[in-house]
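# Descriptive analysis of the structure
Each chain, written out:
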Protein chains: 2
Amino acid sequence: MIAEILCVGTELLMGQVLNTNAQFISRRLSALGISQYHQTVVGDNAERLEEAYRLALSRADVVITSGGLGPTVDDITKRVAAKVAGKELVLRPEAEQMVRERFQQYHKHMTMNNMSQAMFTEDTILMLNPNGTAPGAIVPMGEGKVVIHLPGPPYELQPMFIDQVEPWLQKRSGQVLVSRYIRIFGMGESEVDQRLQELEMQSNPSLSPYCSLGEVQLRATACAATKEEALALVLPLVDKVKSILGDVVYAVNEDDRGSLAISAVEALKKAGKTVATAESLTGGLISSTMVEVPGASQVVRGGFVTYQTDTKTILLGVPAETIERCNVVSAEVAMAMAKGAREKLGTDIAVSATGLAGPDGGTPEIPVGTVYLGLATQKGVQAIRLDLAGNRDRIRTLTVKHALDAVRKACLDN
Amino acid sequence: MIAEILCVGTELLMGQVLNTNAQFISRRLSALGISQYHQTVVGDNAERLEEAYRLALSRADVVITSGGLGPTVDDITKRVAAKVAGKELVLRPEAEQMVRERFQQYHKHMTMNNMSQAMFTEDTILMLNPNGTAPGAIVPMGEGKVVIHLPGPPYELQPMFIDQVEPWLQKRSGQVLVSRYIRIFGMGESEVDQRLQELEMQSNPSLSPYCSLGEVQLRATACAATKEEALALVLPLVDKVKSILGDVVYAVNEDDRGSLAISAVEALKKAGKTVATAESLTGGLISSTMVEVPGASQVVRGGFVTYQTDTKTILLGVPAETIERCNVVSAEVAMAMAKGAREKLGTDIAVSATGLAGPDGGTPEIPVGTVYLGLATQKGVQAIRLDLAGNRDRIRTLTVKHALDAVRKACLDN
């Protein structure tokens, strides 16, 4: 099965909106084993949209649109698809019901033109939109091909895709695809690759890597007639990968929404431990990344942002003499920061970071990218030196990831 | 002039990379007044890329590619364009020099295949890449049309586009387009729109809005034969808008890279004031957003993350009795937090935030989205109540924006 994504909206051509929908749909299709060779964006123009439909349908079995399902005259996605299919849009009572319910829920007044959101061809399969007024649709286009209409806002599109489009695609393919996402931090892609060479790689189950800043994610996927059979293929592969790679594997998830912050917060909860932070170059980013995780308030007590040098002494009791003697970017200062934060907030664990994010301030001894993490636990205080490369943003983001991983690991060894 | 963007890379079709390049180029083209009707993504496949070039060149005068300029066999963007132009790639000595210099700068070993990055058609205009090894290129395709090759990484593509592609496009169009970006916080789009109705809107200079979370940006653009003439059209319009909207205009920039954080840090520097933070629901995000601005260390002293309730008492001296009596989400607690942070760190200004980001914990009296900011200055302490809607992320992001705006305004009234 070949799919093609066709995003509709002049706001995309103007650059007013970032096309996150194309990435979301692509990742999900790729996880389902469905190939894609083209993606297209066109504006709210009927003639160009019609051409785009015809071209996409000449190349793909499934054309997935996003956007243009609203009630205004600019919203032409459905109308033009119907024209290409050679059919009429009619008011579908089930769709009218969906639209009316949503307006009631939002206590909004419905105008006549909102009824256009309930117009579909007779043979269209409707999809409920729990997060907006426009229903989605699967529209038969002849020769076994379909156009799938999804709403533009990501919070409407994403659940509709996962809950309604994916089961339909899987049913149509007659197979079940099951994936597990193995998340790795602290080992580069090439080393991961080398260590996994002892696995005899197969196409089912398959293992495919995806790298992001400092992280590697392996997607293990199996295809079978039932979910149970697919799981029986994929889970042993996951176990093998874990035993080969060891504790750099920080999570195995059923979807690709895991993160180091989630794993750190979960490890803290599981171990019944609390954490405090003491941040210099990251300025509060370690802490704010942890509190993004719902339920973080159980384990994240709070922390200190000690950005200017003397605040490390004032807030955390780092001796001014240590800063003077060892440099503010040093293992000694990082350890004193973590120790101070742990004591002031009475937590089980404290993590600290001091370093040079650049672009200025580097010296031959302490170049830009030098970062020290401090980790204080009931066992004592230690420092971790990081030598990071890249710009200010990259250095800070990697520092946060290393700090979160240090917190996670500190929960493991009791 | 009509342009079309053609992004090349299987990683885009797999959804491994978000296509920020398309948005960046679109916004810049739109600011230059250049129209775009289609955007396409294709994988690293020569046949499909050739078709995509031919289709794009049949519709547009300028086809802009991103990606596929690397040294591997997968990097086919230049080779296929040359084939479509009916020309040969040859080793261009100026390009070889560019590539060699970059390898020397990075202390990296150069392999034979890196020389492919210096291969271009004879009539190609080369563009220096200060941030990577692959030079960019403007390739004549016949009939006055061109293909412009840009590297895939955004930090390479963006400066090359601004510094080299835009001047070339402007020169070619024979006109100079000048824009100013008016950034607004604290007034909704519809109110901005209504207030500006007294301006007789023209097409030159023009004014176009762009909304992002909590913010409105107006782009004022004028087109003329010289930069001076264009400025003479655009600057009076900017002044009129500022006088109509007042202090909700927080910045007027020459490009669209401004932010509330930059304006807050600049206002602090200009006023010679320092700031401290005390954060609950934002967990360090106000502070880390400010320290993203280079040079923030002059004015951002540090701060406190007081996430669990009792840490507000321990770190900031908020009386437990006040928390008990008024609720932890209250004007009184926000003010006591700001007062505590200002005193402990000895700053001119301190800003605090306490509130409910949700999804749980709301009550009829204090629903999710209730946030209090505290602002302590030499004049005293005040609280600002915000009633925000949306999910956890949105509530925290808006809280940060309001806090930064409060800091900015506190610097204005001395």
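Structure report, in brief. Nothing here was measured: the structure is a model prediction, and the numbers come from that model.

This part is about the packing of helix α11 (residues 309–316) of chain A against helix α13 (residues 331–345) of chain A. Residues and elements named next belong to chain A. Contact geometry of α11 with α13 gives a least axis separation of 9 Å together with a crossing angle of 35°. For the pair α11 and α13, the crossing hand works out as left-handed. Within the contact between the two elements, α11 uses Lys312, Leu315 and Leu316 and α13 uses Val333, Ala336, Met337, Gly340, Ala341 and Lys344. Taken together, the residues that form the contact of α11 with α13 break down as 6 nonpolar, 1 polar and 2 charged.

Time to look at the pairing of strand β3 (residues 62–66) of chain A. All names here are of chain A. A large share of β3 lies buried, amounting to 5 of its 5 residues. Burial along β3 is two-sided: Val62, Ile64 and Ser66 and Val63 and Thr65, pointing in opposite directions, are all buried. Examined bridge by bridge, strand β1 (residues 2–8) and β3 share 5 bridges and lie parallel to one another. The residue bridging Leu6 from the neighbouring strand is Thr65, located in β3. As judged from the 5 bridges shared by β3 and strand β8 (residues 145–150), these two strands associate in the parallel manner. By the bridge assignment, Thr65 is partnered in β8 with His149.

Facing the 57 residues of chain B at the interface are 57 residues of chain A. Taking both sides of the interface into account, the surface hidden between chain B and chain A amounts to around 4,700 Å²; carbon and sulfur atoms contribute 53%. Between the two partners, chain B and chain A, sit 2 salt bridges. For the salt bridge of Arg301 of chain A with Asp310 of chain B, the shortest nitrogen-to-oxygen distance reads 2.8 Å. Connecting chain B to chain A are 32 residue pairs in polar contact (both at pLDDT 80 or more). For the side of chain B that touches chain A, a count of residues per class yields 25 nonpolar, 24 polar and 8 charged. Relative to strand β14 (residues 300–306) of chain B, strand β14 (residues 300–306) of chain A is paired through 5 bridges, and the arrangement is antiparallel.

This part is about the pattern of salt bridges. Residue and element names in this part refer to chain A. Under the defined criterion, the tally for this structure stands at 34 salt bridges over all chains. Across the salt bridge formed by Arg325 and Glu321, the nearest N and O atoms sit 2.6 Å from each other. Here Arg325 pairs with Glu321, and both are found in helix α12 (residues 320–326), just 4 residues apart, close to one helical turn. With a relative accessible area of 55%, Arg325 lands in the exposed category.

Once that is clear, we can look at the sheet that holds strand β16 (residues 370–377) of chain B. Judged by pairing direction, the sheet is mixed, and its 10 strands sit side by side in the order β17(A)-β16(A)-β15(A)-β13(A)-β14(A)-β14(B)-β13(B)-β15(B)-β16(B)-β17(B) without closing on themselves. Each edge of the open sheet carries a strand with a single partner, namely β17 (380–387) of chain A together with β17 (380–387) of chain B. In this sheet, neighbouring strand axes are inclined to one another by 15° on average, regardless of whether the strands run parallel or antiparallel. In this structure, strand β13 (residues 275–279) of chain B lies alongside strand β15 (residues 349–355) of chain B, joined through 5 bridges in parallel fashion. Across the sheet, residue Ala276 of chain B finds its bridge partner in β15 of chain B, namely Ala350 of chain B. Running at roughly 140° to β14 of chain A, α11 of chain A makes contact with β13 (275–279), β14 and β15 (349–355) of chain A together with β14 of chain B of the sheet. With respect to the sheet, helix α14 (residues 392–412) of chain A is in contact with β13, β15, β16 (370–377) and β17 of chain A, its orientation differing from that of β16 of chain A by roughly 25°.

The next thing to look at is the packing of aromatic side chains. Following the criterion strictly, the structure yields 3 aromatic pairs over all chains and no others. Consider the rings of Phe24 of chain B and Phe161 of chain B, whose centres lie 6.0 Å apart with planes at 80°: the pair is edge-to-face. Within this pair, whereas Phe24 of chain B is found in helix α2 (residues 20–31), its partner Phe161 of chain B is found in helix α6 (residues 154–173), the two being separated by 137 residues in sequence. Residue Phe24 of chain B is classed as buried on the basis of its relative accessible area, which comes to 12%. If you follow Lys78 of chain A out to its NZ or CZ, it ends over the ring of Phe120 of chain A, 4.1 Å from the centre.

By a simple turn and slide, chain B fits onto chain A: the slide is 0.5 Å along the axis, the RMSD is 0.6 Å, and the turn is 180°. On this basis, the relationship between the two copies can be described by a two-fold rotation axis. The fraction of interface residues of chain B whose copies in chain A are also interface residues reaches 100%, indicating that both copies meet through the same surface.

Residue and element names in this part refer to chain B. Here 4 strands make up an open sheet; going across it, the order is β10-β11-β9-β12 and the pairing antiparallel. Of all the strands in the sheet, just β10 (206–212) and β12 (249–253) have a single pairing partner and so form its edges. Across the sheet, the axes of successive neighbouring strands diverge by a mean angle of 20°, strand direction being ignored. Here 10 bridges tie strand β9 (residues 176–185) to strand β11 (residues 215–224), and the two strands are oriented antiparallel to one another. Paired with Phe185 across the two strands is Glu215, which belongs to β11.

Moving on: the packing of helix α9 (residues 260–271) of chain B against helix α14 (residues 392–412) of chain B. Pairs of packed helices are described in terms of their axes, by the angle between the two and the distance that separates them. Residue and element names in this part refer to chain B. Running from amino to carboxyl end, α9 crosses α14 at an angle of 25°, the nearest separation of the two axes being 8 Å. Taken together, α9 and α14 sit at an angle that is classed as roughly parallel. In the crossing of α9 with α14, the sense of the turn from one axis to the other is left-handed. Side by side, α9 and α14 meet where Leu260, Ala261, Ser263, Ala264, Ala267, Leu268 and Ala271 of the first sit next to Lys401, Leu404, Asp405, Val407, Arg408 and Cys411 of the second. Here the contact of α9 with α14 is composed, by residue class, of 9 nonpolar, 1 polar and 3 charged.

This paragraph deals with unusual backbone geometry. All names here are of chain A. Residue Asn204 is joined to Pro205 through a cis peptide bond whose omega torsion reads 5°. With a phi angle near 90°, Asn327 is a residue other than glycine that sits in the positive phi range. Tracing the sequence through the fold places Asn327 in the loop between α12 and α13. What makes Asn327 partly exposed here is its relative accessible area of 31%.

Another point: helix α2 (residues 20–31) of chain A. All names here are of chain A. In this model α2 runs 17 Å from its N-terminal to its C-terminal C-alpha over 12 residues, within 8% of the 16 Å that 1.5 Å per residue would give. For α2, the buried fraction is high: 10 of the 12 residues fall into the buried class. Restricting attention to buried positions, one finds in α2 the residues Asn21, Ala22, Gln23, Phe24, Ile25, Ser26, Arg28, Leu29, Ser30 and Ala31. Phi turns positive, to about 80°, at Gly33, one or two residues after α2.

In this section: the side chain of Thr121 of chain A. All names here are of chain A. Mapped onto the fold, Thr121 is located in the loop between β5 (119–120) and β6 (125–127). Only 2.9 Å separates the side chain of Thr121 from the side chain of Asp123, close enough to count as a polar contact. In this structure, Thr121 is in contact with Ala82, Lys87, Glu88, Leu89, Arg92 and Val139, ignoring residues within four places of it in sequence.

Parameters and conventions
- Residues numbered from 1 in each chain as written.
- Chains lettered and ligands numbered in written order.
- Predicted model: local features only at pLDDT ≥ 70, side-chain atom pairs only at ≥ 80, totals over all residues.
- Heavy atoms only, no water.
- Axes fitted to C-alpha atoms, helices over the stretch in contact; angles between N-to-C directions.
- Helix = DSSP H or I, 4+ residues; strand = E, 2+ residues; numbered from the N terminus.
- Left-handed = near helix turned anticlockwise from the far one by under 90°.
- Contact = heavy atoms within 4.5 Å.
- Nonpolar A, V, L, I, M, F, W, Y, C, P; charged D, E, K, R; others polar.
- Buried < 20%, exposed > 50% of the residue type's maximum accessible area, 1.4 Å probe, protein only.
- Pairing = 2+ DSSP bridges.
- Buried area = accessible area lost by both parts, 1.4 Å probe.
- Salt bridge = Lys/Arg side-chain N within 4 Å of Asp/Glu carboxyl O.
- Polar contact = N/O pair within 3.5 Å; in protein donor to acceptor, adjacent residues only side chain to side chain.
- Phe/Tyr/Trp six-rings, centres within 6.5 Å; stacked < 30°, edge-to-face > 60°.
- Lys NZ or Arg CZ within 6 Å of the ring centre and 35° of its normal.
- Least-squares fit on C-alpha atoms with pLDDT ≥ 70 in both.
- Parallel < 35°, antiparallel > 145°, perpendicular 65-115°, else oblique.
- Expected span 1.5 Å × (residues − 1).

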